[in-house]
Amino acid sequence: MSQEFIKFMRNRVSQPILNEPAPNVAEWELILDAASRAADHGNLKPWRFRIYEGEGRNQLGQIYWRHAMAEVESIADSKKEAFIKKAYRAPAILLIYAHVQDHSKVPAIEQVMAVSAAAQQALLGLNALGYGAIWRTGPACFTQATKDLLSLKEEDQIVGLIYVGTAKDAGKKVLDTKLSDRLEWVRD
Ligand SMILES: Cc1cc2nc3c(=O)[nH]c(=O)nc-3n(C[C@H](O)[C@H](O)[C@H](O)COP(=O)(O)O)c2cc1C
(Lines give C-alpha, C1' and ligand atoms only; values in the text may rest on other atoms or scores of the structure.)
Protein backbone atom coordinates (compact mmCIF):
# COMPACT_ATOMS: atom_id res chain seq x y z
CA MET A 1 0.00 0.00 0.00
CA SER A 2 2.62 2.58 1.00
CA GLN A 3 4.63 2.47 -2.25
CA GLU A 4 1.43 2.45 -4.28
CA PHE A 5 0.17 5.46 -2.38
CA ILE A 6 3.41 7.36 -2.91
CA LYS A 7 3.24 6.55 -6.63
CA PHE A 8 -0.38 7.68 -6.74
CA MET A 9 0.53 11.04 -5.19
CA ARG A 10 3.62 11.40 -7.37
CA ASN A 11 1.62 10.89 -10.54
CA ARG A 12 -1.22 13.26 -9.71
CA VAL A 13 -2.07 15.59 -12.57
CA SER A 14 -4.64 18.30 -13.15
CA GLN A 15 -7.20 17.77 -15.87
CA PRO A 16 -8.44 20.83 -17.74
CA ILE A 17 -10.96 19.07 -19.98
CA LEU A 18 -13.67 17.47 -17.94
CA ASN A 19 -16.82 15.69 -19.03
CA GLU A 20 -19.66 13.88 -17.26
CA PRO A 21 -19.86 12.11 -14.90
CA ALA A 22 -18.87 13.94 -11.74
CA PRO A 23 -19.05 12.25 -8.32
CA ASN A 24 -22.46 11.36 -6.95
CA VAL A 25 -23.56 12.57 -3.51
CA ALA A 26 -22.15 9.55 -1.65
CA GLU A 27 -18.80 9.91 -3.44
CA TRP A 28 -18.63 13.63 -2.70
CA GLU A 29 -19.30 12.96 0.96
CA LEU A 30 -16.61 10.30 1.06
CA ILE A 31 -14.06 12.58 -0.59
CA LEU A 32 -14.85 15.68 1.45
CA ASP A 33 -14.98 13.74 4.69
CA ALA A 34 -11.44 12.54 3.93
CA ALA A 35 -10.40 16.07 2.91
CA SER A 36 -11.65 17.20 6.30
CA ARG A 37 -8.80 15.27 7.90
CA ALA A 38 -6.28 17.83 6.65
CA ALA A 39 -3.81 19.11 9.21
CA ASP A 40 -5.66 21.73 11.20
CA HIS A 41 -4.08 23.88 13.92
CA GLY A 42 -6.48 24.20 16.82
CA ASN A 43 -8.99 21.80 15.25
CA LEU A 44 -10.90 24.79 13.88
CA LYS A 45 -12.11 23.00 10.75
CA PRO A 46 -11.93 26.26 8.81
CA TRP A 47 -12.81 24.66 5.44
CA ARG A 48 -16.17 25.20 3.83
CA PHE A 49 -17.27 23.35 0.72
CA ARG A 50 -19.93 24.34 -1.80
CA ILE A 51 -20.66 22.25 -4.87
CA TYR A 52 -22.18 23.74 -7.99
CA GLU A 53 -23.59 21.15 -10.39
CA GLY A 54 -26.32 20.83 -13.00
CA GLU A 55 -28.20 24.08 -13.43
CA GLY A 56 -26.69 25.28 -10.14
CA ARG A 57 -23.69 26.17 -12.28
CA ASN A 58 -25.76 28.95 -13.79
CA GLN A 59 -25.65 30.75 -10.43
CA LEU A 60 -21.86 30.62 -10.51
CA GLY A 61 -21.77 31.75 -14.14
CA GLN A 62 -24.00 34.71 -13.27
CA ILE A 63 -21.55 35.58 -10.52
CA TYR A 64 -18.63 35.46 -12.97
CA TRP A 65 -20.55 37.80 -15.22
CA ARG A 66 -21.72 40.19 -12.51
CA HIS A 67 -18.18 40.36 -11.18
CA ALA A 68 -16.85 41.18 -14.65
CA MET A 69 -19.47 43.92 -15.04
CA ALA A 70 -18.48 45.40 -11.70
CA GLU A 71 -14.74 45.28 -12.41
CA VAL A 72 -14.41 46.01 -16.12
CA GLU A 73 -15.45 49.36 -17.48
CA SER A 74 -18.06 49.19 -20.25
CA ILE A 75 -18.01 45.44 -20.85
CA ALA A 76 -20.20 44.50 -23.81
CA ASP A 77 -23.42 42.59 -23.08
CA SER A 78 -22.43 40.18 -25.83
CA LYS A 79 -19.73 38.82 -23.49
CA LYS A 80 -22.30 37.59 -20.97
CA GLU A 81 -22.75 34.16 -22.55
CA ALA A 82 -19.00 33.50 -22.47
CA PHE A 83 -18.83 34.27 -18.74
CA ILE A 84 -21.80 32.04 -17.94
CA LYS A 85 -20.21 29.27 -20.01
CA LYS A 86 -17.09 29.33 -17.83
CA ALA A 87 -19.13 27.71 -15.10
CA TYR A 88 -20.08 24.88 -17.48
CA ARG A 89 -16.51 23.84 -18.25
CA ALA A 90 -16.93 20.88 -15.92
CA PRO A 91 -19.94 18.95 -14.64
CA ALA A 92 -19.24 20.06 -11.07
CA ILE A 93 -17.35 22.87 -9.43
CA LEU A 94 -16.25 22.70 -5.83
CA LEU A 95 -15.86 26.08 -4.18
CA ILE A 96 -13.56 25.71 -1.22
CA TYR A 97 -13.07 28.57 1.15
CA ALA A 98 -11.78 29.32 4.61
CA HIS A 99 -14.14 30.53 7.25
CA VAL A 100 -11.52 32.44 9.20
CA GLN A 101 -12.09 32.90 12.90
CA ASP A 102 -10.42 35.29 15.30
CA HIS A 103 -8.18 33.03 17.36
CA SER A 104 -5.50 33.85 19.90
CA LYS A 105 -3.16 31.05 18.76
CA VAL A 106 -4.07 30.36 15.14
CA PRO A 107 -3.60 33.33 12.82
CA ALA A 108 -5.69 33.70 9.67
CA ILE A 109 -2.86 32.55 7.43
CA GLU A 110 -2.65 29.21 9.24
CA GLN A 111 -6.37 28.72 8.83
CA VAL A 112 -6.09 29.39 5.10
CA MET A 113 -3.13 26.99 4.93
CA ALA A 114 -5.25 24.28 6.54
CA VAL A 115 -7.95 24.81 3.93
CA SER A 116 -5.33 24.64 1.21
CA ALA A 117 -4.26 21.27 2.64
CA ALA A 118 -7.90 20.16 2.55
CA ALA A 119 -8.13 21.24 -1.10
CA GLN A 120 -5.12 19.09 -1.98
CA GLN A 121 -6.66 16.15 -0.11
CA ALA A 122 -9.86 16.70 -2.09
CA LEU A 123 -7.86 16.55 -5.35
CA LEU A 124 -6.30 13.26 -4.30
CA GLY A 125 -9.63 11.89 -3.12
CA LEU A 126 -11.24 12.78 -6.43
CA ASN A 127 -8.42 11.09 -8.33
CA ALA A 128 -8.67 8.05 -6.06
CA LEU A 129 -12.27 7.55 -7.17
CA GLY A 130 -11.26 7.97 -10.80
CA TYR A 131 -12.31 11.58 -11.32
CA GLY A 132 -10.27 14.33 -12.88
CA ALA A 133 -9.98 17.80 -11.41
CA ILE A 134 -8.22 21.12 -11.73
CA TRP A 135 -7.79 23.74 -9.03
CA ARG A 136 -8.39 27.22 -10.39
CA THR A 137 -8.44 30.69 -8.89
CA GLY A 138 -7.77 34.06 -10.50
CA PRO A 139 -7.85 37.66 -9.28
CA ALA A 140 -11.65 37.57 -9.00
CA CYS A 141 -11.30 35.08 -6.14
CA PHE A 142 -9.70 37.71 -3.98
CA THR A 143 -12.10 40.62 -4.17
CA GLN A 144 -14.75 41.62 -1.69
CA ALA A 145 -17.15 41.92 -4.64
CA THR A 146 -16.84 38.18 -5.29
CA LYS A 147 -17.34 37.37 -1.63
CA ASP A 148 -20.49 39.48 -1.65
CA LEU A 149 -21.78 37.77 -4.79
CA LEU A 150 -21.12 34.36 -3.22
CA SER A 151 -22.69 35.48 0.08
CA LEU A 152 -19.43 34.87 1.91
CA LYS A 153 -18.45 36.84 4.97
CA GLU A 154 -15.80 39.54 4.83
CA GLU A 155 -13.40 37.40 6.89
CA ASP A 156 -13.83 34.39 4.61
CA GLN A 157 -11.09 33.61 2.10
CA ILE A 158 -11.61 31.74 -1.14
CA VAL A 159 -8.97 29.04 -1.60
CA GLY A 160 -10.08 27.66 -4.91
CA LEU A 161 -12.64 26.57 -7.39
CA ILE A 162 -11.95 22.95 -8.19
CA TYR A 163 -13.43 21.93 -11.51
CA VAL A 164 -14.39 18.27 -11.40
CA GLY A 165 -15.50 15.59 -13.82
CA THR A 166 -14.15 12.74 -15.89
CA ALA A 167 -10.92 13.53 -17.67
CA LYS A 168 -10.97 13.59 -21.45
CA ASP A 169 -7.23 12.92 -21.55
CA ALA A 170 -6.57 10.27 -18.92
CA GLY A 171 -2.98 9.85 -20.14
CA LYS A 172 -1.69 13.35 -19.40
CA LYS A 173 2.09 13.53 -19.06
CA VAL A 174 3.38 13.79 -15.51
CA LEU A 175 6.03 16.49 -15.21
CA ASP A 176 9.43 16.16 -13.63
CA THR A 177 9.32 17.54 -10.09
CA LYS A 178 12.92 18.84 -10.16
CA LEU A 179 13.06 17.94 -6.51
CA SER A 180 16.85 18.08 -6.32
CA ASP A 181 16.74 21.84 -7.07
CA ARG A 182 14.40 22.38 -4.16
CA LEU A 183 15.60 20.10 -1.43
CA GLU A 184 18.37 20.78 1.04
CA TRP A 185 19.65 18.67 3.88
CA VAL A 186 21.06 20.10 7.06
CA ARG A 187 23.06 17.45 8.85
CA ASP A 188 25.72 19.09 10.94
C1 LIG B 1 -4.03 28.09 -5.61
C2 LIG B 1 -3.96 27.60 -7.02
C3 LIG B 1 -4.61 28.31 -8.02
C4 LIG B 1 -4.56 27.91 -9.35
N5 LIG B 1 -5.24 28.62 -10.30
C6 LIG B 1 -5.22 28.21 -11.57
C7 LIG B 1 -5.98 28.87 -12.57
O8 LIG B 1 -6.70 29.82 -12.28
N9 LIG B 1 -5.90 28.44 -13.84
C10 LIG B 1 -5.12 27.37 -14.18
O11 LIG B 1 -5.09 27.00 -15.36
N12 LIG B 1 -4.40 26.71 -13.25
C13 LIG B 1 -4.43 27.09 -11.97
N14 LIG B 1 -3.71 26.43 -11.03
C15 LIG B 1 -2.79 25.36 -11.46
C16 LIG B 1 -3.49 24.08 -11.76
O17 LIG B 1 -4.35 23.70 -10.70
C18 LIG B 1 -2.44 22.96 -12.02
O19 LIG B 1 -1.72 22.69 -10.88
C20 LIG B 1 -1.51 23.32 -13.17
O21 LIG B 1 -2.27 23.44 -14.32
C22 LIG B 1 -0.40 22.29 -13.37
O23 LIG B 1 -0.95 21.04 -13.67
P24 LIG B 1 -0.53 19.76 -12.83
O25 LIG B 1 -1.25 19.91 -11.49
O26 LIG B 1 -1.02 18.61 -13.65
O27 LIG B 1 0.95 19.77 -12.70
C28 LIG B 1 -3.80 26.77 -9.69
C29 LIG B 1 -3.16 26.04 -8.67
C30 LIG B 1 -3.24 26.45 -7.36
C31 LIG B 1 -2.55 25.64 -6.29
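The structure displayed is predicted, hence computed values, not measured ones.

Draft legend 1. Focus on the side chain of Thr 146. Its place among the elements puts Thr 146 in helix α6 (residues 144-149). Apart from the residues lying within four places of it in its own chain, the contact partners of Thr 146 are His 67, Ala 140 and Ile 158.

Draft legend 2. The arrangement of the site of the ligand in detail. Every residue close to the ligand is listed here: Arg 12, Val 13, Ser 14, Ile 134, Trp 135, Arg 136, Thr 137 and Lys 172. Here an oxygen atom of the ligand and a side-chain polar atom of Arg 136 are 3.4 Å apart. Interatomic distance of 3.0 Å between a backbone N/O atom of Thr 137 and an oxygen atom of the ligand. Look at the ligand: alone it shows 620 Å² of surface, and the protein chains cover 53% of it. Split by residue class, the shell around the ligand holds 3 nonpolar, 2 polar and 3 charged.

Draft legend 3. Structural context of the UniProt feature "domain: Nitroreductase" (unreviewed entry) in the chain. The UniProt feature table records "domain: Nitroreductase" (unreviewed entry) at residues 23-165. Across residues 23-165 one finds 43% helix and 21% strand; the C-alpha atoms that close the span lie 7 Å apart.

Draft legend 4. Main features of the environment of Phe 8. Residue position: Phe 8 is located in helix α1 (residues 2-10). For the pair Phe 8 and Ala 128, spaced 120 residues apart in sequence, the C-alpha separation works out to 8.3 Å. Not counting residues within four places of it along the chain, the set of residues in contact with Phe 8 comprises Leu 124, Asn 127 and Ala 128.

Draft legend 5. Fine view of the packing of aromatic side chains. Enumeration according to the criterion identifies 2 aromatic pairs in this entry. For Arg 136, the ring lying beneath its charged end belongs to Tyr 163, and the centroid distance is 5.4 Å.

Draft legend 6. Spotlight on the pairing of strand β5 (residues 156-167). Here β5 lies mainly inside the structure; 9 of its 12 residues are buried. Pairing of strand β1 (residues 18-19) with β5, which is carried by 2 bridges, proceeds in the antiparallel orientation. When the sheet's bridge partners are listed, Asn 19 is paired in β5 with Thr 166. When strand β3 (residues 92-99) meets β5, the two strands line up antiparallel, connected through 8 bridges. Among the inter-strand pairings, Tyr 97 is bridged to a residue of β5, identified as Ile 158. By the bridge criterion, 5 bridges tie strand β4 (residues 132-136) to β5 in an arrangement that is antiparallel. Residue Ala 133 lies in a different strand from β5, and its bridge partner there is Val 164.

Draft legend 7. Layout of the nonpolar core. With 24 residues, the main nonpolar core has Trp 28, Leu 126, Ile 162 and Val 164 as its most contacted residues. Of all elements in the fold, only α2 (25-35), β3, α5 (108-128) and β5 reach the threshold of two or more residues within this core. Top element by residues in this core is α5. It accounts for 7 residues. Those residues in contact with Leu 126 that sit more than four places away from it in its chain are Pro 23, Trp 28, Ile 31, Tyr 131, Ala 133, Ile 162 and Val 164.

Draft legend 8. Geometry of a negative patch on the surface. A grouping of Asp 102, Asp 148, Glu 154 and Glu 155 is seen on the molecular surface, where their side chains present a negatively charged patch. Looking at where Asp 148 falls in the secondary structure, it is placed in helix α6. The class of Asp 148 is partly exposed, set by a relative accessible area of 48%.

Draft legend 9. Geometry of unusual backbone geometry. In this structure, Pro 21 follows Glu 20 across a cis peptide bond, with omega equal to -5°. For Ser 74, which is not a glycine, the phi torsion comes out positive at approximately 45°. We classify Ser 74 as exposed; its relative accessible area is 73%. Positive phi values are uncommon outside glycine, yet Lys 178 reaches one of about 50°. Relative to the assigned elements, Lys 178 resides in the segment after β5. According to the relative accessible area criterion, Lys 178 is partly exposed, its value standing at 45%.

Parameters and conventions
Residues numbered from 1 in each chain as written. Predicted model: local features only at pLDDT ≥ 70, side-chain atom pairs only at ≥ 80, totals over all residues. Heavy atoms only, no water. Helix = DSSP H or I, 4+ residues; strand = E, 2+ residues; numbered from the N terminus. Contact = heavy atoms within 4.5 Å. Near = heavy atom within 4 Å. Polar contact = N/O pair within 3.5 Å; in protein donor to acceptor, adjacent residues only side chain to side chain. Areas by Shrake-Rupley, 256 points an atom, 1.4 Å probe, with all protein chains shown as cover. Nonpolar A, V, L, I, M, F, W, Y, C, P; charged D, E, K, R; others polar. UniProt positions renumbered as here; feature names shortened; annotations may be inferred. Phe/Tyr/Trp six-rings, centres within 6.5 Å; stacked < 30°, edge-to-face > 60°. Lys NZ or Arg CZ within 6 Å of the ring centre and 35° of its normal. Buried < 20%, exposed > 50% of the residue type's maximum accessible area, 1.4 Å probe, protein only. Pairing = 2+ DSSP bridges. Core = buried A, V, L, I, M, F, W, Y, C linked by side-chain atoms within 4.5 Å. Patch = residues over 30% accessible without salt bridge, like charges linked within 9 Å, V, L, I, M, F, W, Y side chains within 5 Å. Salt bridge = Lys/Arg side-chain N within 4 Å of Asp/Glu carboxyl O. Lys, Arg positive; Asp, Glu negative; His and termini not counted. Charge placed at Lys NZ, Arg CZ, Asp CG, Glu CD.

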